[in-house]
Amino acid sequence: MRNLQRLMLRSRANALLSTRRVTQVNQGRATAGVDGRTALAGPERVDLARWVQQHGCRPLARPVRRIYIPKANGKRRPLGIPVIADRAAQAVVLNALEPEWEARFESRSYGFRPGRGCHDAIEAIFAVCKGKNPKRAWVLDADLTAAFDRIDHHRLLGHLHGFPAREPVARWLRAGAIENRRYAPTEEGTPQGGVISPLLMNIALHGIETAAGARQQTTPSHRGWSVPGTPVVVRYADDLVALCSTQEQAEQVQQRLAQWLAPRGLTFNEDKTRIVHLSEGFDFLGFTVRHYRNPGKLLITPSKAAVKRFRARLRSEVRSLHGANALAVISRLNPILRGWAAYYRTVVSKKVFNDIDSTLVWTMLKWARHRHETKSYRWIVNRYFGRFHPARQDRWLFGDRDTGACLTRLSWTPIRRHQMVNADASPDNPALTYYWRQRRRRRLPPDTPTAPGPAPYTLRRPTGLA
């Protein structure tokens, strides 16, 4: 394994793939570090790939540029942006280190791992808690305080003993940060914004299931199943839930995890950590998980906070488009609507989708009224609303009559249960090539029709809209 990692670190193919990732694929490819440099042009990418292959793991690391992004609770999340050369070098190290730890990570760790995501974590919770009388009905809903910023470096680097690129990782961790032209050393934590930071977070938290007392069957026919009476821990990065049989067991798990986290520099966020019963429900990754005694089912829905944030975002986007034409509004909102629908299409979301669609009709009426202040309500409806979709009979679709494009409705997205990833399935296993090809096959939400719509129709006020 170490020989393969050394081969990966000096591989030209790895350097080219890593350069492509940080300069063409990542969303932050146009964001520069403290040196102000990016590599967006073709010749710059070629030079960067050549430099990374020859010198990527040897020179000293540059400090990261500290920026802040707003959080949902009004606070700000710190990000550390490395220079483009360090980002490419980190991607090379990531490709060499990740396969080793993918073979070690716990089966119910889903955050920042290839082939796993939020929907797998939600489906894992559903698989444990479904049924009329779930055996694990007490939940420790835990959140770690500033986990990325407080990871103990010494403990983390101890997990990388023997890794050929351990020293470059240590230099990146201790490179420091520059904020408002002032240098600040980083004696703990791994900067969010670095390519390798999510993997380091998972390495630091590896073993948390064992610390909580979770146990799994080892027999081939029941592999991945939990031992009866033991808690089940589902983790996504620094967010985790422990599903327990009794309230006392949940309290014991919280105490054991607090002691396990302390040497690693981590603590529970007391404001967000609580023990609840499934009948009360809890929020996890933007979903609300709650068991209802009548009719005796576990229902997972979009959380109220997530719906509120999405409505606020739609209002903000529409306000920023005052003065734009209908086609510009459709082009801006459709990707947002499709993305939100794709995220929540695997749970009980049909009612929420319908409510947002109804509200969006009135929002677009207000937008059109603001654009045409001297026109009547009848004229606005005949100009912007109609049966734009060639295969549907929705009469209140907002669209552009010149091109036939219309605003996508969330209710058009079918509700489909997500197929959870197999517990022991690794993307590096060549025997599972077909399995992963099937899972990675893209399934796009319904597209916006481009055929011209029919002529204006007689005004009728929409009914049943909030």
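Heads up: the structure comes first, above all this text.
As the structure is a computational prediction, the values presented were derived from the model and not from experiment.

This part is about the state of the cysteines. Taken as a whole, this structure holds 0 disulfides when the rule is applied. No disulfide involves Cys244; its sulfur sits 10 Å from that of Cys129, the nearest cysteine. Relative accessible area serves as the criterion here: at 0%, Cys244 is assigned to the buried category.

Quick look at the sheet that holds strand 10 (residues 287-292) now. Across a sheet, paired strands are connected by hydrogen bonds in the backbone, their directions being either parallel or antiparallel. If you walk across this open sheet you meet the 3 strands as 9-10-11, and the pairing is antiparallel. With partners counted over all chains shown, the strands left at the sheet margins are strand 9 (282-284) and strand 11 (297-302), one partner each. Each strand axis lies, on average, 30° off the axis of its neighbour in the sheet, ignoring direction. Pairing geometry for strand 9 and strand 10, over 3 bridges, is antiparallel. Residue Asp283 lies in a different strand from strand 10, and its bridge partner there is Thr288.

Moving on to the pattern of salt bridges. Pairing is possible between side chains of opposite charge, provided their charged atoms come close. Within this structure, the stated rule accounts for 10 salt bridges. In this structure, Glu123 engages Arg417 in a salt bridge whose closest nitrogen and oxygen atoms are separated by 3.8 Å. A residue pair is termed long-range when its members are at least 10 positions apart, and Glu123 in helix 5 (residues 118-129) and Arg417 in the loop between strand 13 (397-398) and helix 16 (433-439) qualify at 294 residues. When its relative accessible area of 52% is taken as the criterion, Arg417 is described as exposed.

Moving on to the side chain of His153. Looking at the element boundaries, His153 is found in helix 7 (residues 153-159). A residue is classified by how much of its surface remains accessible, and His153, at 3% relative accessible area, is buried. When sequence neighbours within four positions are dropped, the list of residues in contact with His153 reads Leu173, Arg174, Thr186, Glu187, Glu188 and Gly189.

Under the defined criterion, the tally for this structure stands at 14 aromatic pairs. Taking the centre distance of 4.3 Å and the plane angle of 10° together, the rings of Phe310 and Trp340 count as stacked. Residue Phe310 is located in helix 12 (residues 304-320), and its partner Trp340 is located in helix 13 (residues 326-344); the two are separated by 30 residues in the primary sequence. Ring pairs connect the aromatic residues Phe287, Phe310, Trp340, Tyr343, Tyr344 and Phe353, which therefore count as one cluster. When the ring centre of Tyr68 is taken as origin, the NZ or CZ atom of Arg76, which lies over that ring, is 4.3 Å away.

This part takes up the packing of helix 1 (residues 2-9) against helix 4 (residues 84-102). In the contact formed by helix 1 and helix 4, the axes pass within 8 Å of each other and the chain directions differ by 160°. The orientation of helix 1 with respect to helix 4, classified from their angle, is roughly antiparallel. By crossing handedness, the relation of helix 1 to helix 4 is classed as right-handed. Along its contact with helix 1, which presents Arg2, Gln5, Met8 and Leu9, the element helix 4 presents Val92, Val93, Asn95, Ala96, Leu97 and Glu100. Class assignment of the residues belonging to the contact of helix 1 with helix 4 gives a composition of 6 nonpolar, 2 polar and 2 charged.

On to unusual backbone geometry. The phi torsion at Phe112 lies on the positive side, around 55°, for a residue other than glycine. Its location among the elements puts Phe112 in the loop between helix 4 and helix 5. What makes Phe112 partly exposed here is its relative accessible area of 41%.

Quick look at the nonpolar core now. Among the nonpolar cores identified, the biggest contains 64 residues, and Phe282, Phe284, Trp340, Met364, Trp367, Phe385 and Phe398 are the most heavily contacted of them. Ignoring any residue separated from it by four or fewer positions in sequence, one finds Met364 in contact with Val318, Val329, Leu333, Phe385, Phe398 and Leu407. If you look at the next biggest cluster of nonpolar residues, it comprises 57 residues, including Trp101, Leu156, Trp172 and Phe268.

Conventions we followed
- Residues numbered from 1 in each chain as written.
- Predicted model: local features only at pLDDT ≥ 70, side-chain atom pairs only at ≥ 80, totals over all residues.
- Heavy atoms only, no water.
- Disulfide = S-S within 2.5 Å.
- Buried < 20%, exposed > 50% of the residue type's maximum accessible area, 1.4 Å probe, protein only.
- Pairing = 2+ DSSP bridges.
- Helix = DSSP H or I, 4+ residues; strand = E, 2+ residues; numbered from the N terminus.
- Axes fitted to C-alpha atoms, helices over the stretch in contact; angles between N-to-C directions.
- Salt bridge = Lys/Arg side-chain N within 4 Å of Asp/Glu carboxyl O.
- Contact = heavy atoms within 4.5 Å.
- Phe/Tyr/Trp six-rings, centres within 6.5 Å; stacked < 30°, edge-to-face > 60°.
- Lys NZ or Arg CZ within 6 Å of the ring centre and 35° of its normal.
- Parallel < 35°, antiparallel > 145°, perpendicular 65-115°, else oblique.
- Left-handed = near helix turned anticlockwise from the far one by under 90°.
- Nonpolar A, V, L, I, M, F, W, Y, C, P; charged D, E, K, R; others polar.
- Core = buried A, V, L, I, M, F, W, Y, C linked by side-chain atoms within 4.5 Å.

Keep in mind these values describe shape, not function.
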